[in-house]
Amino acid sequence: MDWVSRIKFNENSPLEVQGHENSWGFQRHHPKIMDSSHWHGHVEINYLFGCSADYLINGQKISVPEGKMIIFWASIPHQMIASEGNGEMVNIYIPLHAFLSWRFSDEFISEILHGEVLVADNLHLGDQLTTSMWENDLASKKLPLIMQVIDEIRNRIRRMSLEPYSTFNLSNTTELTDKKSIVSGLCHIEVILQYIADHYDQKITIDDVANITGLHPNYAMKLFHRVMKISIKQYINKLRLQHAQALLIDTNDAVLSIALQAGFGSISRFYDIFQREFDKTPQQFRNDIANAHDTTTAET
């Protein structure tokens, strides 16, 4: 749960993904003009506190006024080209598998995956204080607080999805500018991601994924890996692990029950994948959360 402070790229090839797609990220800084476009696999939030910014999104210029919250899929090439004001911005990087596991409305998700930039019509009075609290909580490196930050980010996005928001109509006015880029095949990727998000707690085969896109299974696997930098199988397991972590924290359900609820076919498979990913067993993870919570409660 070490969050990256910024997304790093290969200096010789700014479009090459070096973005730690499976890591969370948080950054507070003064807006910085970017020399070139880049992309990475996260869903990205930008808060503009006391400043405005102009972006190029897949070659199209958009202007975001001061005091806005925007959200977009950062796999679309993007670049900040201008900024005004002496304020600061906050960038939050959310792994796509986590974002899709939150199951917002189909319309909200589809707009983001089609390359749209969504703009909350207004910030809330507490947004700047809340992001400062998140920053402090992340700096503490206390797992219960970090999980709480994730819950609060999810709920802030959920509130945005329920309140009025605007778009720049990007998905309806432009074709993808680079057919050989990471975003080629985007429509197929969106279908695959949505299918996995809806069915990851069930048995999924490559043939299932290929059938819903009409693609050959081998091509579907290659396309997914080219865009997402992860295999379909690995991606499904990450959604299942995300679900299992939440159940280990929020419920007293038996580990076997959690394994089955999250879509793992057996307890042994669940233990193997969980321990390989987190270097601890599910029960050790649950114990660590409980112990860290008790320590935090004692300190307060």
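Every value quoted in this text rests on a predicted model; they were computed, and no experiment measured them. (Residues numbered from 1 in each chain as written. Predicted model: local features only at pLDDT ≥ 70, side-chain atom pairs only at ≥ 80, totals over all residues. Heavy atoms only, no water.)

Engineer: What is the right way to read the nonpolar core from this model?
Structural biologist: As a rule of thumb, nonpolar side chains are buried together in soluble globular proteins. One finds Ile94 and Phe99 to be the most contacted residues of the largest nonpolar core, which totals 69 residues. Among all residues touching isoleucine 94, those that are not within four sequence positions of it are Trp24, His42, Val43, Ile45, Phe99, Trp102, Ile153 and Ile157. Within the second largest apolar cluster, 16 residues are counted, among which are Leu48, Cys51, Met80 and Leu170. (Core = buried A, V, L, I, M, F, W, Y, C linked by side-chain atoms within 4.5 Å. Buried < 20%, exposed > 50% of the residue type's maximum accessible area, 1.4 Å probe, protein only. Contact = heavy atoms within 4.5 Å.)

Engineer: Where do I start with the sheet that holds strand 7 (residues 88-94) in this structure?
Structural biologist: The pairing of strands in a sheet comes from backbone hydrogen bonds and takes either a parallel or an antiparallel form. Reading across from one edge, 1-7-2-5-8-9 is the order of the six strands in this open sheet, with antiparallel pairing throughout. Two strands bound the open sheet, and with one partner strand each, they are strand 1 (25-29) and strand 9 (165-167). The mean inter-strand angle of the sheet, taken between neighbouring strand axes irrespective of direction, is 20°. The pairing of strand 1 with strand 7 spans five bridges and is classified as antiparallel. (Pairing = 2+ DSSP bridges. Helix = DSSP H or I, 4+ residues; strand = E, 2+ residues; numbered from the N terminus. Axes fitted to C-alpha atoms, helices over the stretch in contact; angles between N-to-C directions.)

Engineer: Quick question: what am I supposed to make of the confidence of the model for the chain here?
Structural biologist: Low pLDDT means the predicted coordinates in that region are not meant to be read closely. With 86% of its residues at a pLDDT of at least 70, the chain reaches an overall mean of 85. Counting interchain partners and residues more than four positions distant, the pLDDT-below-50 stretch residues 11-19 has 19 contacts. For residues 173-183, every residue scores under 50 in pLDDT, and the model assigns this stretch 21 contacts once sequence neighbours within four places are set aside. (pLDDT = per-residue confidence, 0-100.)

Engineer: Looking at this structure, I do not really get the pattern of salt bridges. What am I missing?
Structural biologist: Once the charged atoms of two side chains with opposite charge are near each other, the side chains can pair. Counted according to the given criterion, the structure contains nine salt bridges. Glutamate 163 is the partner of arginine 159 in a salt bridge, and the nearest nitrogen-oxygen pair spans 3.0 Å. For arginine 159, a relative accessible area of 45% translates into the label partly exposed. Given a relative accessible area of 24%, glutamate 163 falls into the partly exposed group. (Salt bridge = Lys/Arg side-chain N within 4 Å of Asp/Glu carboxyl O.)

Engineer: In this structure, what is going on with the pairing of strand 2 (residues 43-49)? I would like to understand it.
Structural biologist: Regular strands have side chains that alternate between both faces of the sheet. Among the seven residues that make up strand 2, seven are buried, leaving the element largely enclosed by the rest of the structure. Burial of strand 2 is two-sided: the residues Val43, Ile45, Tyr47 and Phe49 facing one way and the residues Glu44, Asn46 and Leu48 facing the other way are all buried. In terms of strand pairing, strand 2 meets strand 5 (residues 68-73) through six bridges, oriented antiparallel. Paired with glutamate 44 across the strands is phenylalanine 72, a residue of strand 5.

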